[in-house]
Amino acid sequence: MKIPSSSPKRFESGKFHFLSHKIFSAIHCLRTESAANCNSGGKTEIHLGNINGLSDALFLYENMSKTKPFPNVKQFNKLLSSVVNLKEYSTAICIFKHMCNVGIPTNEYTLGIAINSYCLSDRVNLGFAVLSTFFKRGCALNAITFATLLKGLFRENRIGEAQELFRKIVREELCELNVVMYGTVIDGLCKSGNTAVAIELLRVMETGSCKPNTHVYTMVIDCLCKDRMVDSALKLFDEMSERGVTPNIVTYNALVCGLCSLNRWERVKMLYKEMLDCKVYPNVITFSAIIDALCKQGLVDEAENVFDIMVRKNVAPNVICHNALMDGFFLQGRVDEARKLFESMVSKKIAPNLHSFNILINGYCKKMMIDDAVDVFREMPRKGFVPNLISYSTLLHGLFRGDRCTSALKLFDELRAVGLKPDSHTYCILLDGLCKNKLVEQAFLVLDELEHKGEDLHTAYYSIVIDGLCKAKDLDKARAVFNDLPSKGLEPNVVTYNILIKGCCLNGLLEEAKELFSKMEQDSVLPDAVTYNFIVHGNLKRGKYDDAASFFEEMDAKGFSPDACAFSSLLHLVGTKEQNPAVLKMIRILAPNNSCVDHAKR
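Since the model is a prediction, treat every value here as computed from it, not as a measurement. Residue numbers restart at each chain and count upward from 1, following the sequence in its written direction. Restriction of local features to residues with pLDDT of at least 70 applies here, the model being predicted, together with a cutoff of 80 or more for giving and counting side-chain atom pairs; totals for whole chains, interfaces and linings are based on all residues. Heavy atoms throughout the structure, all of them, feed into the side-chain values; hydrogens and water do not.

### Regarding unusual backbone geometry
The condition is simple: Counting from the N terminus, the helices are DSSP H or I runs at least four residues long and the strands are E runs at least two residues long. Per-residue accessibility, obtained with a 1.4 Å probe over protein chains only, is compared with the maximum for each type, and a residue is labelled buried under 20%, exposed over 50%, and partly exposed between these values.
Omega for the peptide link from K68 to P69 comes to -10°, which places this bond in the cis form. The residue P69 is located in the loop between helix 3 (54–66) and helix 4 (73–85) in this model. Unusually for a residue other than glycine, R228 sits at a positive phi of about 65°. Given a relative accessible area of 52%, R228 falls into the exposed group.

### Comments concerning the pattern of salt bridges
What counts here: Salt bridge, as used here, is a side-chain nitrogen of Lys or Arg placed within 4 Å of a carboxyl oxygen of Asp or Glu.
In the structure shown here, the tally under the stated rule is 40 salt bridges. When the shortest N-O distance is used, the salt bridge between E414 and R378 registers 3.0 Å. Of the two residues, E414 is situated in helix 23 (residues 405–417) and R378 in helix 21 (residues 370–382); the sequence distance between them amounts to 36 residues. Residue classification places E414 among the partly exposed positions, given a relative accessible area of 23%. Between K488 and E451 there is a salt bridge; the shortest N-O distance is 3.1 Å. Placement of the pair is K488 in the loop between helix 27 (475–483) and helix 28 (494–506) and E451 in helix 25 (residues 440–452), with a sequence separation of 37 residues. Where salt bridges share partners, they join R203, E206, E239 and R243 into one cluster.

### Description of the environment of F342
Mapping F342 onto the fold places it in helix 19 (residues 335–347). Given the relative accessible area of 6%, F342 is considered buried. Sequence separation of F342 and F357 is 15 residues, and the distance between their C-alpha atoms is 8.9 Å.

### Comments concerning the side chain of S356
To keep it simple, the criterion reads: Counting of polar contacts relies on pairs of N or O atoms within 3.5 Å, with two restrictions inside protein: one atom must be capable of donating a hydrogen and the other of accepting it, and residues adjacent in sequence are counted only when both atoms are side-chain atoms. The contact definition used throughout considers only heavy atoms, calling two residues in contact when any of these lie within 4.5 Å.
Note on placement: S356 falls in helix 20 (residues 354–366). Among the residues examined, S356 registers a relative accessible area of 0% and is labelled buried. Within the structure, the side chain of S356 is placed 2.9 Å from the side chain of N353, a separation counted as a polar contact. Apart from the residues within four sequence positions on either side, S356 is in contact with V319, N323, M326, F342 and M345.

### Considerations on the nonpolar core
Filter applied, for reference: The criterion is simple. A nonpolar core is a set of buried Ala, Val, Leu, Ile, Met, Phe, Trp, Tyr and Cys residues joined through side-chain atoms within 4.5 Å.
Of all hydrophobic cores here, the largest spans 167 residues; its most connected members are I186, I221, I291 and V465. At eight residues, the largest contribution of residues to this core is made by helix 12 (residues 214–226). Judged by nonpolar contacts, the second largest core, of 18 residues, contains L48, V84, Y89 and I104.

### Some remarks on the confidence of the model for the protein chain
To keep it simple, the criterion reads: The score called pLDDT rates the predictor's confidence residue by residue, from a low of 0 to a high of 100.
Looking at the protein chain as a whole, its pLDDT mean stands at 87, while 89% of the residues score no less than 70. For the protein chain, the element scoring lowest by mean pLDDT is helix 1 (residues 7–12), at 38; helix 22 (residues 389–401) scores highest, at 97. A low-confidence stretch, residues 1–22 stays under pLDDT 50, and its non-local contacts, those more than four residues away or across chains, total 41 contacts.

### Some remarks on the environment of V83
On the secondary structure map, V83 appears in helix 4. Residue class for V83 comes out buried when judged on its relative accessible area of 0%. Note: C-alpha distance between V83 and S117 (34 residues apart in sequence) is 9.7 Å. Non-local contacts of V83, meaning those with residues more than four positions away in its chain, are made with L54, A57, E88, T91, A92 and I95.

### Brief notes about helix 20
Stated formally: How far a helix is expected to stretch is found by multiplying one less than its residue total by 1.5 Å.
For helix 20, built from 13 residues, the straight-helix expectation of 18 Å at 1.5 Å per residue is met to within 8% by its first-to-last C-alpha distance of 18 Å. All buried positions along helix 20 are accounted for by S356, F357, N358, I359, L360, I361, G363, Y364 and C365. Buried positions along helix 20 lie against helix 18 (319–331), helix 19, helix 21 and helix 22. The distance from a side-chain oxygen at the start of helix 20 to the backbone nitrogen of H355 is 3.2 Å, and the residue carrying that oxygen is N353. At the C-terminal side of helix 20, M368 shows a positive phi close to 60°.

In structure tokens, the structure reads:
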């Protein structure tokens, strides 16, 4: 990792005006305002122990920087740390530069705060520039400084550079490695999807003098669970205990979340019991994960029971728990209970969040209670919430489903007027809504606008329009759109093919459907269960039993099952007078030991 040699001058030459006029003006205004408050008794005197915001910090810095001699460097460091804790990283950097410019003393700790501020501002290169000052002053570099820079590189997704820096630290013994540095690298590797490398580094720690602690093991376990490698996570969990490292609530929560995502409820129960035996008590995160997973599985009554257990155990359900249960109620059509739960948050002094309102909008739209959804949407600004793209897209979908096309189009215009940029999902909702409401020509206008503006195009957009054209029995236009995809830099996918094959089958164009099927394979687009079912059902409906049987046999060989339409068409032919051998062949494939075959023969 090369460090710029010119960096030291950047901070200590005194030739540059480092603090912007805006910051100086702010300091002056705040100084005047704060002094007035202090004099009027409206505000207590500001000192390092009671900084409550950026204005306090700037006012204090102004006073400290004008005091002669300057206060001790530790006082300035404490002030800088307070600014960083307020997440005002740019301001911390400005203050640091101003300190260097006016000659306020700095030490290794000050430089470390500056490096951290740059890294948290995603400007790690400037963090390395500050590191040069360490070298110039002959300061001893420590693990915390390097860990900060490593974290900065990982934040900017510069994974290779982070790994190279770590190797350099180890190879040249730039500092003594500790568990914080190892943890920083393992955490960065896990979050960037390099789980295998993170595990290798964990194994290095296990065999070395710097042993992994609970936090390090938990990071890897959490990563494995998020990668759906829960068995590997459980194995590492057991190894961790065998090595005498005690898991904490964060470790258990990672496993609970992983197991819940795979619906392994028995193992969740075992883990829950194990937690209690080890006197590790579930917290709101544990219960939230369980409630959310149960609701997604439709086990809302069970989720409600867990919710009640939380209350009995004096674990206050938070907004996440309420949102999950609300969503579950809506999934089961229990609208009144969902709304009641939403309103109960206020009485419990739990502030709903944006997601809470979006759940309400989505729930009402799914139940076709569009007026209620609109009311919630319009209520949001009055409650201090600005609808986001999800809010708009959800209501847009509901309005189209409720045949309120005019309102939907007005909402789409409003979406753009408030400065939101529609994403591919929003455009799919718009195009689908137009096509399903027989406004295909208007959908074409939307596509034209996207093309002329140079927006990113997606095959899904054109698949939706092709579907609308097929349903309108305009196969010529549907074919034209399909064939024109390559000219737009797009290729049809399995969904696009399925839509056109279905359109051909519904319109009796079975030979064209077969040609499309062959073209799929030539274009390396693998047919799926939907493809086979469309073509089997189309041939059965038109009495093309031999062709239907051929596709049916191929479908069965690939492990696909007939859907309701294909199955119904087949059953309808059982016992007919035709006694077609191809039909009997399909029934045998479908039910080799079923008496319906004998019934068909009779």
